[in-house]
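Read off the chains here:
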Amino acid sequence: MKKKISPSLMCADFLNLGAELKEYERLGVDLLHIDIMDGVFVPNYTLGTDFIKKLHRATKIPLDIHLMIDRPDAKLDYFELRAGDYVSVHYESTPHIQRTLAALRQAGVKPILAINPGTPICVVEDLLPDIDAVLVMTVNPGYAGQKLIPQTIDKIARLRRLLDSAGYPEIEIECDGNISFDNAAKMSRAGASIFVAGTSSLYIDGTSLEENLKKLRAAVEVE
Ligand code: DX5
Ligand code: ZN
C-alpha cells in the first residue's frame, strides 16, 4: 500500500499560502489535510467551507477533509466535495454514522471513519463495506502541537489485524496527531499508510518543507 503524506493546512503559513501550495505540488504531496472544527464537537475553530472551495480551484491535489463537527449527517451539503477527495467523519459525532458514510460514497468521495483515542476499534466492524479508510486519532482532536497518546500505536497494529482478518486489506489506516519522524516510523510499521503532517514534522521551524517532507517520507518507508 502506497504511503501517503497529508500536510495539515491548519499548521501552514497563511500569509504565504499561495507559495506553499505551489511547493506542495512541486514536491508531489499526496493529499492536503483540512481540519474543520465547530467549537462543539471539539473545543476550537479552524478552517471552513469557503476555504475548501478556494483550494479546489487552486490545486488538483485531492483534499483530505477531516470533519470534527457535531451531527455531520445534517451538514454534508455545506461542503463542496470533489471526486477523489477523502472525507472523514467521527464515529462519536452522530448516531447515524452508517448513513453519513453511505452519503459520502454516494457523493463520489472516499469515506473515512474517524475514531477518537478513547473509542475502541471494534466500532469499525459493522461499517467495513462503507469505508475506504479509518482515521485513528493519536491525540485528542482540537489542537495542533499535542503529545502522542502512546497506546494508539498498538491500537493501529490491532486495527490493521482486524481489517486484514475481516477480509479488508485494502482499507487504509490514517493517523493524525503528533506524527513526528519517530512516531511516523512506528505507525508505519504498525500498518498505517496515510500520515497527517503538522507541527511535529513538516512545519518544524527553521527547516524547509522540502527537507522535512524528505525526512518524513524516509521515516514512513521503513519496513
Ligand atoms: C487535528 C490536526 C492536528 C495537527 C497535527 O485533527 O490534524 O492533529 O494539525 O499536527 P501536530 O500534532 O504535529 O501538531
Ligand atoms: Zn485532522
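Everything quoted here is computed from the prediction, not taken from an experiment.

Novice: I keep staring at the coordination of the zinc ion (ligand 2) and nothing clicks. Help me out?
Specialist: Geometry reference: four tetrahedral donors at a metal, ideal angle 109.5 degrees. Six octahedral donors, ideal angles 90 or 180 degrees. Taken together, His 33 (NE2), Asp 35 (OD), His 66 (ND1) and Asp 176 (OD) make up the protein donors of the zinc ion (ligand 2), found 2.1 to 2.3 Å from the metal. Angles of 67 to 167° at the metal separate the six donor atoms of the zinc ion (ligand 2), which places the site in the octahedral class. Spacing between the donor residues of the zinc ion (ligand 2) along their common chain follows H-x1-D-x30-H-x109-D. Here Asp 35 is found in strand S2 (residues 32-37), whereas its partner Asp 176 is found in strand S7 (residues 172-176), with 141 residues between them in sequence.

Novice: Sorry if this is basic, but what is going on with the site of ligand 1 here?
Specialist: Close to ligand 1 lie 17 residues; Ser 8, Gly 145, Asn 178, Thr 199 and Ser 200 are nearest. Within the side chain of Ser 8, one N or O atom sits 2.8 Å away from an oxygen atom of ligand 1. Mapped onto the shell around ligand 1, the elements with two or more residues apiece are S2 and strand S3 (63-68). Residue classes in the shell around ligand 1 are distributed as six nonpolar, nine polar and two charged.

Each value, and the rule that gives it
- Residues numbered from 1 in each chain as written.
- Chains lettered and ligands numbered in written order.
- Predicted model: local features only at pLDDT ≥ 70, side-chain atom pairs only at ≥ 80, totals over all residues.
- Heavy atoms only, no water.
- Donors = N, O, S within 2.8 Å, 3.2 Å for Na, K, Ca; no water.
- Tetrahedral: all angles 85-135°; square planar, octahedral: opposite > 155°, others 65-115°.
- Helix = DSSP H or I, 4+ residues; strand = E, 2+ residues; numbered from the N terminus.
- Near = heavy atom within 4 Å.
- Polar contact = N/O pair within 3.5 Å; in protein donor to acceptor, adjacent residues only side chain to side chain.
- Nonpolar A, V, L, I, M, F, W, Y, C, P; charged D, E, K, R; others polar.

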